[in-house]
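Coordinates in review
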Amino acid sequence: MGNWVDIGAVNDIPLRGARCVNTPSGKIGIFRTLDDRVFALRDHCPHKGGPLSQGIVHGASVTCPLHNWVISLETGEALGADEGQVGTIPVQVENGRILMATAALAVAAE
Amino acid sequence: MTTNLVVVGAGMASGRALEHLFEAAPGQFNVTLFGAEPRGNYNRIMLSPVLAGEKTFDEIITHDADWYAEHGVNCRFGETVTAIDRERKVVTSVKGETPYDKLLIATGSAPFIIPIAGKDLPGVMAFRDLDDVNRMTTAAAKPNARAVVIGGGLLGLEAAAALRMRGMEVVVLHLMGHLMERQLDPAAGYLLQRELESRGIKVHCKAQTKAILGEDKVDAVLLDDGTVYDADIVVMAVGIRPETRIATDAGLQIERGILVDDQMRTSDPDILAIGECVEHQGAVYGLVAPLYKMAEVAAQTLTGATAAFRPVQTATQLKVTGVSVYSAGDFAEGDDREEIVLRDASAGVYKRLVLQENRIIGAVMYGETADGPWFFDMLRQGTDIADMRDTLVFGQAYQGGSPLDPMAAVAALPDEAEICGCNGICKSKITGAIAEKGLTSLDEVRAHTKASASCGTCTGLVEQLLSLSLGDEYNPAAVQPMCPCTDLGHDEVRRLIVAKQLKSVPAVMQELEWTTSCGCAKCRPALNYYLVATWPGEYVDDNQSRFINERVHANIQKDGTYSVVPRMFGGITTPNELRAIADVADKFAIPTVKVTGGQRIDLLGVKKHDLPAVWADLNAAGMVSGAAYAKGLRTVKTCVGSDWCRFGTQDSTGLGIRIEKFMWGAWTPAKVKMAVSGCPRNCAEATCKDVGVICVDSGYDIVFAGAAGLDIKGTQALCHANSEDETIEIIAALVQLYLEQGRYLERIYKWTDRVGIDSIKAAIVDDLAKRRHYYERFVYSQEFAQVDPWEERVNGKDAHEFAAMAELNMVAAE
């Protein structure tokens, strides 16, 4: 997986919080968990398109602000009784910087 | 090949028939459903709790729009079918003709209106559908309103009790010598009357209504004996008659109801009929259990299966909270009958069993009705009771010398014993579902079996079956945990936050042994609120535990944009403020500007990154956040009061502004809306607010615990104040008490229902020292709460919330 692009510092995102990255193929939510892991999901709940980056981050999941669907940050899948999945984008952290795989972005955004 | 099925009537019977039909033959029927009411199928039996304010209408909806859509039902609600052409097989309604292959008539029944003078006056109503309930609720909202209920049967008494609960003066007029004479004998009727009278309901038996008096609306009811009862509304609940008009016009065979055979077919084999509108073997039914049975049979007939409807014995229960009445079978006296009676006057218990040849043929119970289903079961089975005759009336638990244990009684019920009469669900069906599907809660049992999902009177039995099946794993008395992260309930968590001096979200989770690393979207906002409310000035707000609206101080919309509502104290604005709002709307191309119900202006469709700049401009014109997003004080609506109005008694506008300026910024368990009206005409609609003030000549009447959202509830009186200062002290103390006792997301009216109005009055009205104490705590916490969040963010706070982390302009290099 090539084309790793630096999108900012880990510390730019609050613990148990999220920020957005604007891309030509739509918004990507970048999430930071309590145990300092970073995830990237398309900012679009599989239910009604709610902006997941605005939700409450807990454990390795986020609750959509519109109708409270809980989405796994690890797989992008809806948890509990709901069914649906949102695209995930590989990210890695190096020296406190977040790198996102833009190749996957093109695929994920299709 | 699909069959075109037209259904006339969208009530409980046809709703149940459609459920069976879609289950048995999915996709086989193309259904068009006509209903006279402008809404789909709801649980009509539960209108009484809705009228009493114990349930909301939403809670009793059986089929919502999604359900109809899912099954492809063409809904024609609010459209009455006026004619059936059996030759051409079409029905006619306002919008034209609809062809059918099969027609199902389920028009139900119409309330019987006594043909007396005044019956058409505004204010005379039946108790049949949601519109009637809404009319009664509106009437009950008026202080000291009076209702006369004509008819002391099941429906009339439920209406009377509910209206009384809503604060009306209620008189029940009953033609017969005792209440509910079709279900109760005189002794039980007397006990029931005494109970209702103790609740402040006047009962007048042997009352022959002569006329309803009034010019352009109801004023009073006149009886034959000359008695006159004043009335704002008259509720006619004297009975129902099958609604057969379209069937009569179509030439179908009719007696009292539309005649049907065992397969629910009318005299035209392509037309079926079910529900209260039909007559089967000379009997007309009005209770839900037989109607559901008809629905099942009709669905089977339509799908070509064989099934037959058999006359059904029914038992009756009255749905008035705190009153237990049960009756089944035939309880008239007769030479060939014997009876067993148990009376305990001081405990208000009365049980009477009517026996014929050692078999129960009737049962009437008042006060203690748990054994009702057991007696009813033996009645239907024709069980020979000779062996247990001596102890029979004491109930099932006394048979075989076993001690009084309700669990043992339920355990001893045979598998085929009926638990839920409304839905015809027997014991084995419930225990089977619990075992097979691993059900662990009442809600799950309701979802899977429908038991206890209609009138709810069998809830206790279903819970006992749950606990019988699950043992210790089921504990109905257990406190509802806050969320799946803990076993503790809201109150316990609050108590421990104080007792253990817990001052941060992680501290609470650590000390109270949360099962998740950092909670969930349910508990985190609740904990954050409890900490804010418990430790004002000390606790540092956890932004990441706030819902997005409170995190960015604007309301998220469905498309991810936000709405912005500046405060307009008391609903008063100025040309300068309006100019600033107009300029902001232009400058940021805000698509929608709307006047809200709370007397202020909403700017909708603001992009998130524009929020701080929008606020900066509004701040510059002197406006602060209206907290339209907050679990906190929203608005104080006012009327123009003595400033302008010729009826105004006090300066309601000024008082409203004072209250809002004093109380804005406070965080509360759920939103708080207030209003101040300058006279009892109440133009500010204070009587449906969380807290309201009605100005009168002598001062200020303070009311609270109203609602006009999911629930509609008139306020209850708190007390009278003589000055603005006193009014403000009382309201602040009340809100502080709520702030300390309310569970997160629990509105004031729900909190009041939970803790009881007396406990609130004891703290705020009766005990001046306590009131002062709560008031001072409110004043203290306001020192930290009254900071304009917009200004803080204009000055750079939480800047990361409003800007993207990065802009990637390059498309992935491919």
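Note that the structure is a prediction, hence the values are computed from the model and not measured.

Now for the interface of chain B and chain A. At the interface, 33 residues of chain B touch 36 residues of chain A. Summing both sides of the interface, chain B and chain A together bury roughly 2600 Å²; the carbon and sulfur share of this comes to 61%. It is Gln544, Met805 and Leu808 of chain B in chain B that bury the most area against chain A; as a group they hold 29% of the surface buried on that side. Viewed at the interface, chain A and chain B are joined by one salt bridge.

All names here are of chain B. One pass over the structure, following the stated rule, counts 56 salt bridges over all chains. Of the charged contacts, one joins Glu276 and Arg128 as a salt bridge, the two residues approaching to 3.0 Å between their closest N and O atoms. With Glu276 in the loop between strand E19 (271-273) and strand E20 (278-280) and Arg128 in the loop between strand E9 (124-126) and helix H4 (130-140), the pair connects residues that are 148 residues apart, well separated along the chain. The class for Glu276 is buried, based on a relative accessible area of 11%.

Moving on: the environment of Gly29 of chain A. All names here are of chain A. Mapped onto the secondary structure, Gly29 falls in strand E3 (residues 26-32). Put simply, Gly29 and Ser53 are 24 residues apart on the chain and 5.0 Å apart in space, counted from C-alpha to C-alpha. Ignoring any residue separated from it by four or fewer positions in sequence, one finds Gly29 in contact with Arg19, Phe39, Ala40, Leu41, Asp43 and Ser53.

What follows deals with the sheet that holds strand E40 (residues 806-807) of chain B. As a general point, the strands of a sheet are linked pairwise by backbone hydrogen bonds and lie either parallel or antiparallel. A sheet is described by the order of its strands in space; here five strands give the open sequence E8(A)-E4(A)-E3(A)-E2(A)-E40(B), paired in mixed fashion. Unpaired on one side and paired on the other, strand E8 (88-89) of chain A together with E40 of chain B mark the two borders of the sheet. Taken together, the two bridges between strand E4 (residues 38-42) of chain A and E8 of chain A define a ladder with antiparallel strand orientation. Bridge pairing in E8 of chain A links Ala40 of chain A to Ile89 of chain A.

Our focus in this paragraph is helix H12 (residues 442-449) of chain B. An α-helical segment advances 3.6 residues per turn. Residues three or four places apart therefore align on the same side. Residue and element names in this part refer to chain B. Considered for burial, the residues of H12 that qualify are Leu442, Val445 and Thr449. Looking straight down H12, one finds that the buried residues subtend no more than 60° of arc, so they occupy a single side. Residues of H12 that are exposed and angled more than 90 degrees away from the buried face: Asp443 and Ala447. Tucked inside the fold, the buried residues of H12 contact strand E28 (425-426), helix H11 (427-437) and helix H13 (459-470). Where H12 terminates, the next one or two residues include Lys450, which has phi positive at roughly 75°.

Take the packing of H11 of chain B against H13 of chain B next. All names here are of chain B. Where H11 contacts H13, the two axes come as close as 10 Å, and the packing angle between them is 50°. Taken together, the axes of H11 and H13 lie oblique to each other. In this structure, the crossing between H11 and H13 has a hand that is right-handed. Contacts between H11 and H13 involve Lys427, Ile430, Thr431 and Ile434 from the former and Val462, Leu465, Leu466, Ser469 and Leu470 from the latter. Grouping the amino acids of the contact of H11 with H13 by side-chain chemistry returns six nonpolar, two polar and one charged.

Split by domain assignment, chain B resolves into domain 1 (3-109 + 242-302), domain 2 (124-238), domain 3 (490-546), domain 4 (547-625 + 790-814) and domain 5 (631-787). Here the C-alpha centre of domain 5 of chain B lies 47 Å away from the C-alpha centre of domain 1 of chain B.

This next bit is on the sheet that holds strand E7 (residues 70-72) of chain A. Residues and elements named next belong to chain A. Strand order across the open sheet formed by three strands is E5-E6-E7, with antiparallel pairing between neighbours. Both outer strands of the open sheet, strand E5 (56-58) and E7, are each paired with one neighbouring strand and no more. Pairwise comparison of adjacent strand axes, ignoring direction, gives a mean angle of 25° for this sheet. Across three bridges, the pairing between strand E6 (residues 61-63) and E7 is antiparallel. Considered in E7, the bridge of Thr63 is made with Val70.

Right, let's talk about the pairing of strand E1 (residues 3-8) of chain B for a bit. All names here are of chain B. Here E1 pairs with strand E2 (residues 29-35) via six bridges, running parallel. When the sheet's bridge partners are listed, Val6 is paired in E2 with Thr32. The parallel pair E1 and E2 is bridged by helix H1 (residues 12-24), and the resulting crossover is right-handed. As defined by bridge partners, E1 adjoins strand E7 (residues 102-105) across four bridges and the pair is classed as parallel. Residue pairing for E7: Val7 is matched across the bridge by Leu104.

Turning next to the nonpolar core. In a soluble, globular protein the nonpolar side chains are often hidden away together inside. Residue and element names in this part refer to chain B. Within the largest apolar cluster, 94 residues are counted, with the highest numbers of intra-cluster contacts made by Leu163, Leu192 and Leu392. Counting residues per element, this core draws most heavily on helix H5 (residues 154-165), which supplies seven residues. When residues are assigned to domains, this core turns out to be shared by domain 1 (3-109 + 242-302) and domain 2 (124-238), each giving three or more. Sequence-distant contacts of Leu163, defined by excluding residues within four places in its chain, comprise Leu51, Met136, Ala147, Val149, Met168, Val170, Ile233 and Val235.

Residues and elements named next belong to chain B. If you walk through the whole model with that rule in mind, you get three cavities of 30 Å³ or more. Of the voids in this model, the largest cavity is the one considered here, and its volume is about 60 Å³. Along the wall of the largest cavity there are 11 residues; nearest its centre are Ala52, Glu158, Ala162, Lys319 and Val320. Those elements that place two or more of their residues in the lining of the largest cavity are helix H2 (47-52) and H5.

All names here are of chain B. The tally for this structure, following the rule as stated, stands at 14 aromatic pairs over all chains. Ring plane angle 70° and centroid distance 5.2 Å describe the contact between Tyr42 and Phe57, whose orientation is recorded as edge-to-face. Taken together, the residues Tyr42 in the loop between E2 and H2 and Phe57 in the loop between H2 and helix H3 (65-70) connect sequence positions 15 residues apart. Residue classification places Tyr42 among the buried positions, given a relative accessible area of 4%. Between Trp374 and Phe375 the ring centres are 5.3 Å apart and the planes differ by 45°, which places this aromatic pair in the tilted class.

Cut-offs used in this document
Along each chain, residues carry numbers from 1 onward, in the same order as the chain's sequence is written. Chains and ligands are labelled by the order in which they are written, letters from A for the one and numbers from 1 for the other. Totals for whole chains, interfaces and linings use every residue, but because this is a predicted model, local features are given only for residues with pLDDT of at least 70 and side-chain atom pairs only at 80 or more, for both listing and counting. Heavy atoms from the whole structure form the basis of all side-chain values; hydrogens and water molecules are not counted. It only takes one pair of heavy atoms within 4.5 Å for two residues to be counted as in contact. Buried area: the accessible surface (1.4 Å probe) lost by two parts on joining, summed over both. Salt bridges are identified by distance alone: a Lys or Arg side-chain nitrogen within 4 Å of an Asp or Glu carboxyl oxygen. Strands here mean DSSP runs of E at least two residues long; helices mean DSSP runs of H or I at least four residues long; both are numbered from the N terminus. Classification of residues uses two cut-offs on accessible area relative to the type maximum, computed with a 1.4 Å probe and protein chains only: under 20% is buried, over 50% is exposed, and between them is partly exposed. Being paired, for any two strands, means DSSP has found at least two bridges between them. The reported arc concerns the directions from the helix axis to the C-beta atoms and nothing else. For every element, the axis is a line fit to its C-alpha atoms; helices are fit only across the contacting stretch, and the angle between N-to-C directions ranges from 0 to 180 degrees. With respect to orientation, any angle under 35 degrees is reported as roughly parallel, any angle over 145 as roughly antiparallel, any angle of 65 to 115 as roughly perpendicular, and every other angle as oblique. Helix crossings fall into two classes, left-handed where the near helix is turned counterclockwise from the far one by less than a right angle and right-handed where it is turned clockwise. As a working rule, the residues Ala, Val, Leu, Ile, Met, Phe, Trp, Tyr, Cys and Pro are called nonpolar, Asp, Glu, Lys and Arg charged, and the rest polar, with Gly in that last group. Residue ranges for the domains originate in an automatic or database domain assignment. Viewed with both strands pointing away, a crossover whose connecting path from the first strand over the helix to the second turns clockwise is right-handed. We call a set of buried residues a nonpolar core when its members are Ala, Val, Leu, Ile, Met, Phe, Trp, Tyr or Cys and they connect through side-chain atoms within 4.5 Å of each other. Using protein atoms alone on a 1 Å grid, points that fit a 1.4 Å probe yet trap it form a cavity, whereas open point sets bounded by protein on both sides within 12 Å along at least five of seven lines form a pocket; residues with an atom within 4 Å of a point count as lining. Grid points are joined across faces, edges and corners, and a volume is the space filled by probe spheres set on the points. Planes of paired rings set the category: under 30 degrees apart is stacked, over 60 is edge-to-face and the rest tilted, where pairs are Phe, Tyr or Trp rings (Trp by its six-membered ring) whose centres lie within 6.5 Å.

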